[in-house]
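# Tertiary structure, described
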Amino acid sequence: MTTAVPEGINPDVKVVYVDLDPVVCIHGRALLASDQVAIVQGDVRKPYEILADPAVQRLIDPGAPVGILMMFLLHLIADSDTPQDMVAGYRKAAAPGSVLAISHAANDARPEYVGRISAIYQRANTPFTPRSRADINAFFGDWPLDGPGLVNMWPYAEVPADVDADLAQLGYSSVAVKPA
Ligand SMILES: C[S@@+](CC[C@H](N)C(=O)[O-])C[C@H]1O[C@@H](n2cnc3c(N)ncnc32)[C@H](O)[C@@H]1O
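These numbers come from a predicted model, not from an experiment. (Residues numbered from 1 in each chain as written. Predicted model: local features only at pLDDT ≥ 70, side-chain atom pairs only at ≥ 80, totals over all residues. Heavy atoms only, no water.)

## Here we look at the overall build of the chain
Assigned secondary structure in the chain consists of seven helices and six strands. Of the regular secondary structure in the chain, the N- to C-terminal order runs α-β-α-β-α-α-β-α-β-α-α-β-β. Radius of gyration (C-alpha) of the chain: 17 Å, near the 16 Å computed for a compact globule of 180 residues. Along the longest, intermediate and shortest principal axes, the C-alpha atoms of the chain span 45 × 40 × 35 Å. For the chain, the residues scored as buried account for 37% of the 180 residues in total. Nonlocal contacts in the chain, meaning residues at least 24 apart in sequence, comprise 66% of its contacts between residues at least 6 apart. Total accessible area computed for the chain in this model is approximately 10000 Å², and 57% of it derives from carbon and sulfur atoms. (Helix = DSSP H or I, 4+ residues; strand = E, 2+ residues; numbered from the N terminus. Rg over C-alpha atoms; globule rule 2.2 N^0.38 Å. Buried < 20%, exposed > 50% of the residue type's maximum accessible area, 1.4 Å probe, protein only. Contact = heavy atoms within 4.5 Å. Areas by Shrake-Rupley, 256 points an atom, 1.4 Å probe, with all protein chains shown as cover.)

## Side note on the pairing of strand E2 (residues 37-41)
On any regular strand, side chains alternate: one points to one face of the sheet, the next to the other face. The buried fraction of E2 amounts to four of the five residues, a majority that puts the element mostly inside the structure. As judged from the five bridges shared by strand E1 (residues 15-19) and E2, these two strands associate in the parallel manner. Opposite Asp 19, over in E2, you have Gln 41 as the bridge partner. Tracing the backbone out of E1, into helix H2 (residues 22-32) and back to the parallel element E2 gives a crossover that is right-handed. (Pairing = 2+ DSSP bridges. Right-handed = clockwise from strand over helix to strand, strands pointing away.)

## Considering the layout of surface pockets
Here the largest pocket defines a volume of roughly 1300 Å³. What lines the largest pocket is a set of 45 residues, among which Val 16, Tyr 17, Val 18, Val 44 and Leu 69 lie closest to the centre. Put simply, the parts of the chain that give the lining of the largest pocket at least two residues each are helix H1 (4-9), E1, helix H3 (47-52), helix H4 (54-59), strand E3 (67-71) and helix H5 (83-93). Classifying every residue of the lining of the largest pocket gives 30 nonpolar, eight polar and seven charged. Residue contributions to the lining of the largest pocket reach at least three from each of two domains, namely domain 1 (1-60) and domain 2 (72-180). (1 Å grid on protein atoms, 1.4 Å probe; cavity = no way out; pocket = protein on both sides within 12 Å on 5 of 7 lines; lining within 4 Å. Points joined across faces, edges and corners; volume = space filled by probe spheres on them. Nonpolar A, V, L, I, M, F, W, Y, C, P; charged D, E, K, R; others polar. Domains from an automatic or database assignment.)

## As for the domain arrangement of the chain
Looking at the assigned domains, one finds that the chain contains domain 1 (1-60) and domain 2 (72-180). One C-alpha centre belongs to domain 1, the other to domain 2; they are set 20 Å apart. Both faces combined, the contact of domain 1 with domain 2 buries some 630 Å², and carbon together with sulfur accounts for 72% of it. For domain 1, the biggest contributors to the area lost against domain 2 are Val 44, Arg 45 and Pro 47; these three give 69% of the whole. For the pair domain 1 and domain 2, the number of links is one salt bridge. (Buried area = accessible area lost by both parts, 1.4 Å probe. Salt bridge = Lys/Arg side-chain N within 4 Å of Asp/Glu carboxyl O.)

Dropping the structure here:
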């Protein structure tokens with residue numbers, strides 16, 4: 001779970017992990033819940049409900065910068081659920097200096113592998129919507145991208161030997177910072 005990473009770097013960090021799946025939440029609570037970490041069972045498609053959740057209100061100071069991590073999440077939100085508006089809701093609520101990190105499956109990177117993953121999701125009840133580089137870029141709105149910008153999630157040269165290098169080329173990721 002993504003929550004384990006910031007805790008390992010800064011023991012004082014406060015984290016709210018949101019997931020729709022009750023099994024994920026039960027598992028997450030067993031592993032991670034503490035005074036500083038909350039696992040909220042909720043639907044990210046409803047930003048105003050998530051932001052009003054008591055755990056979010058308790059742990060997140062709306063006046064201070066936050067990190068919004070949407071890692072391998074947004075391609076699970078169908079276009080009909082207006083994910084651009086949804087992400088804009090979280091961007092709007094965040095204080096200046098906040099960071100938005102997104103990794104997202106692409107439909108213009110490795111079509112043969114995207115097709116393979118799409119076929120797997122067609123057998124599940126979760127929609128899978130890989131998007132174009134331009135559409136993924138648009139999730140950051142007017143927040144300037146940090147570092148190298150929108151990049152392939154895992155450059156071939158850096159893929160460890162025990163990872164399928166082609167599957168590692170499935171999408172794009174970037175980090176953006178809300179201007180003052
Ligand atoms: C590929 S996992 C990524 C998990 C996490 N971002 C991480 O890096 O560890 C995608 C997760 O998104 C959750 N999910 C899918 N649609 C969701 C929604 N509408 N609201 C909240 N969580 C959702 C799924 O249950 C799943 O646990």
